[in-house]
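This is what each chain is made of:
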Amino acid sequence: MNILIWIVVFIATFLGMEFMAWFTHKYVMHGFLWVLHRDHHHKDHKSWWERNDLFFVFYAVVSMYFFMVAEFQFAVAIGAGIAGYGLAYFLVHDIFIHQRFKLFRKADHWYAKGIRRAHKIHHKHLGKEDGECFGMLIPPAKFLKNRK
């Protein structure tokens, strides 16, 4: 029974991270820390690294805290949920959408297309205001309607 609770905590944390990603993206990255996120919308640099990558580092540190420091029963499951979401985010956002590594270039699934459409709409807005589609793994339903 204990392993089932660990799995539920992991899944709940993973799913909760989608909300955290949306909230952080909308109110922090497009808010008071726009200075770190701006280079992700404005490709006026030649570096593979972006200041925006510091957000990934922040959540990695939070995940490591739960693995290494937190001393309560489900801390490791929470740390694993955060790390799992970080891996999914990296695969979807950095590799699949932005092609930082040239993988998954010809994905033709309705869900993959929906994520790409939503992210393209997000990047249509170059400034920190008037943005939309701040989530990552759960795009607005209107982008998933064309299931061909």
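Up top is the structure.
Residues numbered from 1 in each chain as written. Predicted model: local features only at pLDDT ≥ 70, side-chain atom pairs only at ≥ 80, totals over all residues. Heavy atoms only, no water.

1. Quick notes on the overall build of the chain
Alright, step 1. For the chain, the helix and strand inventory stands at five helices and zero strands.
Alright, step 2. In the chain, the order of α-helices and β-strands from amino to carboxyl end is α-α-α-α-α.
Alright, step 3. Taken over 148 residues, the chain has a buried fraction of 39%.
Alright, step 4. Summed over its atoms, the accessible surface of the chain is roughly 9400 Å², and 70% of this surface lies on carbon and sulfur atoms.
Alright, step 5. Each charge class in the chain can be summarised by its mean position, and for the 19 positive and 11 negative side chains these summaries are 10 Å apart. (Helix = DSSP H or I, 4+ residues; strand = E, 2+ residues; numbered from the N terminus. Buried < 20%, exposed > 50% of the residue type's maximum accessible area, 1.4 Å probe, protein only. Areas by Shrake-Rupley, 256 points an atom, 1.4 Å probe, with all protein chains shown as cover. Lys, Arg positive; Asp, Glu negative; His and termini not counted. Charge placed at Lys NZ, Arg CZ, Asp CG, Glu CD.)

2. What to know about the packing of aromatic side chains
To describe a pair of aromatic rings, one takes the distance between the centres and the angle between the planes.
Alright, step 1. Within the structure shown, the criterion is met by 13 aromatic pairs.
Alright, step 2. Ring plane angle 45 degrees and centroid distance 5.1 Å describe the contact between Phe-23 and Tyr-27, whose orientation is recorded as tilted. Residue Phe-23 and its partner Tyr-27 are located together in helix 1 (residues 2-32), separated by four residues, close to a single helical turn.
Alright, step 3. Each residue in the set Phe-10, Phe-14, Tyr-85 and Tyr-89 is aromatic and connected to the rest through ring pairs, giving one cluster. (Phe/Tyr/Trp six-rings, centres within 6.5 Å; stacked < 30°, edge-to-face > 60°.)

3. A short note on the pattern of salt bridges
Alright, step 1. If you walk through the whole model with that rule in mind, you get one salt bridge.
Alright, step 2. Two residues, Asp-108 and Lys-113, come together in a salt bridge whose shortest N-O distance is 2.9 Å.
Alright, step 3. The exposure class assigned to Asp-108 is exposed, which follows from its relative accessible area of 53%.
Alright, step 4. Among the residues examined, Lys-113 registers a relative accessible area of 27% and is labelled partly exposed. (Salt bridge = Lys/Arg side-chain N within 4 Å of Asp/Glu carboxyl O.)

4. Here we look at helix 3 (residues 53-68)
Alright, step 1. The terminal C-alpha atoms of helix 3 lie 23 Å apart, and with 16 residues this matches the ideal 22 Å at 1.5 Å per residue to within 8%.
Alright, step 2. Within the sequence span of helix 3, burial applies to Asp-53, Phe-55, Tyr-59, Ser-63 and Phe-66. Along helix 3, the residues classed as buried sweep out an arc of 150 degrees about the axis, all on the same side.
Alright, step 3. For helix 3, the elements touching its buried residues are helix 1, helix 2 (34-41) and helix 4 (75-97). (Expected span 1.5 Å × (residues − 1). Arc of directions from axis to C-beta. Contact = heavy atoms within 4.5 Å.)

5. Let's talk about the packing of helix 4 against helix 5 (residues 110-124)
Alright, step 1. Contact geometry of helix 4 with helix 5 gives a least axis separation of 11 Å together with a crossing angle of 75 degrees. Comparing their axes, helix 5 and helix 4 come out roughly perpendicular. Contact residues: helix 4 offers Val-92, His-93, Phe-96 and Ile-97, while helix 5 offers Ala-112, Ile-115, Arg-116 and His-119.
Alright, step 2. Residues that form the contact of helix 4 with helix 5 fall into these classes: five nonpolar, two polar and one charged. (Axes fitted to C-alpha atoms, helices over the stretch in contact; angles between N-to-C directions. Parallel < 35°, antiparallel > 145°, perpendicular 65-115°, else oblique. Nonpolar A, V, L, I, M, F, W, Y, C, P; charged D, E, K, R; others polar.)

6. Regarding helix 1
Alright, step 1. Maximal helix bending in helix 1 amounts to about 35 degrees, located at His-25.
Alright, step 2. Of the residues making up helix 1, those classed as buried are Val-9, Thr-13, Met-17, Glu-18, Ala-21, Thr-24, His-25, Val-28, Met-29, His-30 and Gly-31.
Alright, step 3. Looking at the buried side of helix 1, the elements it contacts are helix 2, helix 3, helix 4 and helix 5. (Bend = angle between axes of the 7 residues up to and from the residue.)

7. With respect to the nonpolar core
Most often, soluble globular proteins keep nonpolar side chains buried together rather than apart.
Alright, step 1. Grouped together as the largest cluster of nonpolar side chains are 20 residues, with contacts concentrated most on Phe-66, Tyr-85, Val-92, Ile-97, Met-136 and Leu-137.
Alright, step 2. At the level of elements, helix 1, helix 3, helix 4 and helix 5 are the ones that each hand at least two residues to this core.
Alright, step 3. Looking at this core, the element that brings in the most residues is helix 4, giving nine residues. (Core = buried A, V, L, I, M, F, W, Y, C linked by side-chain atoms within 4.5 Å.)

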